[in-house]
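Residue strings, one per chain:
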Amino acid sequence: MKKAIVVDKDYGSVTIDDLNILKEKFKEESIELELKHFYSEDEIISECQEAEAILGTGNPPMSEKVISKLPNLKMIQRFGIGVNSINLSAATENHKIVSYMPGFCLDELAAHATSMILSLIRNTAYYDRRIRQGEWPKAEYYTPKSISEMTIGLYGFGGSAKELYKIFNGGFQSRVIACDPYVSEEIKEMFNIDFVDFHTMLKESDVVSLHAPLNTETRHIFNEEAFKKMKNDAMIINVARGPLIDEDALVDALKTREIRFAGLDVFENEPLDKKSKLRNMENVILTSHSAFYGEGSKQKQLKWAFELVSQVLNRNTIKKEFIANKEIFDTNIKMTFK
Ligand SMILES: NC(=O)c1ccc[n+]([C@@H]2O[C@H](COP(=O)([O-])OP(=O)(O)OC[C@H]3O[C@@H](n4cnc5c(N)ncnc54)[C@H](O)[C@@H]3O)[C@@H](O)[C@H]2O)c1
């Protein structure tokens, strides 16, 4: 039997029961799946010597030290999109495939952003909080804007932003604009969207929704200066990555009414500090990095994990789109990339 090990218990949408079903399926492929939780790099090194595949449901520390000391390892499989805890160049140098799941939760991210936008516009969370305190707040708080007259600004126009575009432009008939310097002219022509620069997106949007990755270019791009450019009654939605927003500047902007609302699923530090001022702000909705969570995303995670691991271990083949360390294509690794 070949050995594959889940090295962490940050299961997300996937439960221990799901993983036990996966375990049985892997047996049919002559792969023994072990479910473990290791706390340190050294533990992974000592306990995974036999492993041909390591599966990370969260973000296990797959550093150069770990990767270089696992001679039998063929692949590291992430149960999601972020590969920030895996040293990709060390993986390539050591001829290990790093596979991930781009696009596994696009519907969920767009639905989550939509739920926050609607809840903030329609004051739903506000009413709910008040009624539970024994009040009956009839038609109060901010007067809701008409959604069809709003402009939705998408920062990053990849998979999840395209789903949000469909909901707001196709459904509510809202105007949608986007800021994404990497979108090709061909893609731009396919959508009823004005592609604008960062400044214009901030200035014209009633809702700014974040869908870009975290990198040196995007870290703290939503800062004091950016909030000053936004409309005073605008909202910011973040289901992407916390550090895109300077959180202290956001708290100030909400307090001083530079902007009106925020819907946040991700934070600069997670879990969110118990003393964070955001916890006490009426004009803010908070969720706990759960935008990916859903039946559909879970089924994709389980299906793809099974297919990718069994294809690499038993058939030496994998689709290129699932590879995170694309430089591996230029090595002489014995693998067919389709
Ligand atoms: N909250 C959650 O549970 C959760 C789950 C999965 C993914 N995410 C995050 O959601 C985000 C969006 O996911 P996706 O699947 O839509 O990503 P995607 O890769 O499909 O799209 C990202 C888009 O951002 C654009 N981009 C890159 N740099 C940019 C920049 N400097 N300015 C503007 N645009 C830029 C890219 O061109 C691309 O079109 C990612 O940051 C991802 O990490 C969050």
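Scoring rules and cut-offs
Residues numbered from 1 in each chain as written. Predicted model: local features only at pLDDT ≥ 70, side-chain atom pairs only at ≥ 80, totals over all residues. Heavy atoms only, no water. Helix = DSSP H or I, 4+ residues; strand = E, 2+ residues; numbered from the N terminus. Rg over C-alpha atoms; globule rule 2.2 N^0.38 Å. Buried < 20%, exposed > 50% of the residue type's maximum accessible area, 1.4 Å probe, protein only. Contact = heavy atoms within 4.5 Å. Lys, Arg positive; Asp, Glu negative; His and termini not counted. Charge placed at Lys NZ, Arg CZ, Asp CG, Glu CD. Near = heavy atom within 4 Å. Polar contact = N/O pair within 3.5 Å; in protein donor to acceptor, adjacent residues only side chain to side chain. Areas by Shrake-Rupley, 256 points an atom, 1.4 Å probe, with all protein chains shown as cover. Salt bridge = Lys/Arg side-chain N within 4 Å of Asp/Glu carboxyl O. Pairing = 2+ DSSP bridges. Axes fitted to C-alpha atoms, helices over the stretch in contact; angles between N-to-C directions. Expected span 1.5 Å × (residues − 1). 1 Å grid on protein atoms, 1.4 Å probe; cavity = no way out; pocket = protein on both sides within 12 Å on 5 of 7 lines; lining within 4 Å. Points joined across faces, edges and corners; volume = space filled by probe spheres on them.

1. Structural notes on the overall build of the chain
- Secondary structure summary: the chain contains 12 helices and 14 strands in total.
- Computed over C-alpha atoms, the radius of gyration of the chain comes to 22 Å, within 12% of the 20 Å expected from 2.2 N^0.38 for 338 residues, which places it in the range of a compact globule.
- With the C-alpha coordinates aligned to their principal axes, the bounding extent of the chain is approximately 65 × 50 × 35 Å.
- Across the 338 residues in the chain, those meeting the buried criterion constitute 51%.
- At a minimum sequence separation of 6, the contacts of the chain that also span at least 24 residues come to 65%.
- On the chain, the mean spot of the 44 positive side-chain charges and the mean spot of the 51 negative ones are 2 Å from each other.

2. Brief notes about the site of the ligand
- Near the ligand you find 27 residues, and of these G159, S160, D180, V239 and D265 are the closest.
- Take F157: an N or O atom from its main chain is 3.5 Å from an oxygen atom of the ligand.
- G158 places a polar main-chain atom, nitrogen or oxygen, 3.3 Å from an oxygen atom of the ligand.
- Expressed as a share of its isolated accessible area of 870 Å², the protein-covered part of the ligand is 84%.

3. Section: the pattern of salt bridges
- Taken as a whole and judged by the stated rule, the model has 19 salt bridges.
- The closest approach of N and O atoms between D18 and K298, which form a salt bridge, is 3.1 Å. Of the two residues, D18 sits in helix α1 (residues 16-28) while K298 sits in helix α12 (residues 295-315), which places them 280 residues apart along the sequence.
- In this structure K298 comes out as buried when scored by relative accessible area, which is 14%.

4. Observations concerning the pairing of strand β1 (residues 2-6)
- Here β1 runs beside strand β2 (residues 31-35); their pairing, made up of five bridges, is parallel. The partner of K2 across the bridge, within β2, is I31.
- As defined by bridge partners, β1 adjoins strand β3 (residues 53-56) across three bridges and the pair is classed as parallel. Of the residues in β3, the one forming a bridge with V6 is L55.

5. Some thoughts on the sheet that holds strand β8 (residues 194-195)
- Strand order in the open sheet formed by seven strands is β8-β7-β6-β9-β10-β11-β12, with parallel pairing between adjacent strands. Either end of the sheet is taken by a strand with one partner, and the two such strands are β8 and β12 (284-286).
- Here five bridges tie strand β6 (residues 151-155) to strand β7 (residues 175-179), and the two strands are oriented parallel to one another. When the bridges of β7 are listed, I152 appears paired with V176.
- Across the face of the sheet, helix α11 (residues 247-255) comes into contact with β10 (235-238), β11 (261-264) and β12 while running at roughly 145° to β11.

6. Concerning helix α5 (residues 106-121)
- With 16 residues, α5 extends 23 Å between its outermost C-alpha atoms, agreeing within 8% with the 22 Å of an ideal straight helix rising 1.5 Å per residue.
- Of the residues flanking the end of α5, it is N123, one or two places downstream, whose phi is positive at about 60°.

7. Overview of empty space enclosed by the protein
- Within this structure, the stated rule accounts for two cavities of 30 Å³ or more.
- Of the voids in this model, the largest cavity is the one considered here, and its volume is about 80 Å³.
- As for the largest cavity, its lining consists of L120, I121, Y142, T143, P144, K145, D206, D233, A234, M235, R260 and F261.
- Approximately 40 Å³ is the volume attributed to the second largest cavity.
- Among the elements of the structure, α5 and α6 (124-132) are those that each provide at least two residues to the lining of the second largest cavity.
- Ranked by residues supplied to the lining of the second largest cavity, first place goes to α6 with three residues.

Just distances and angles here, no functional claims.
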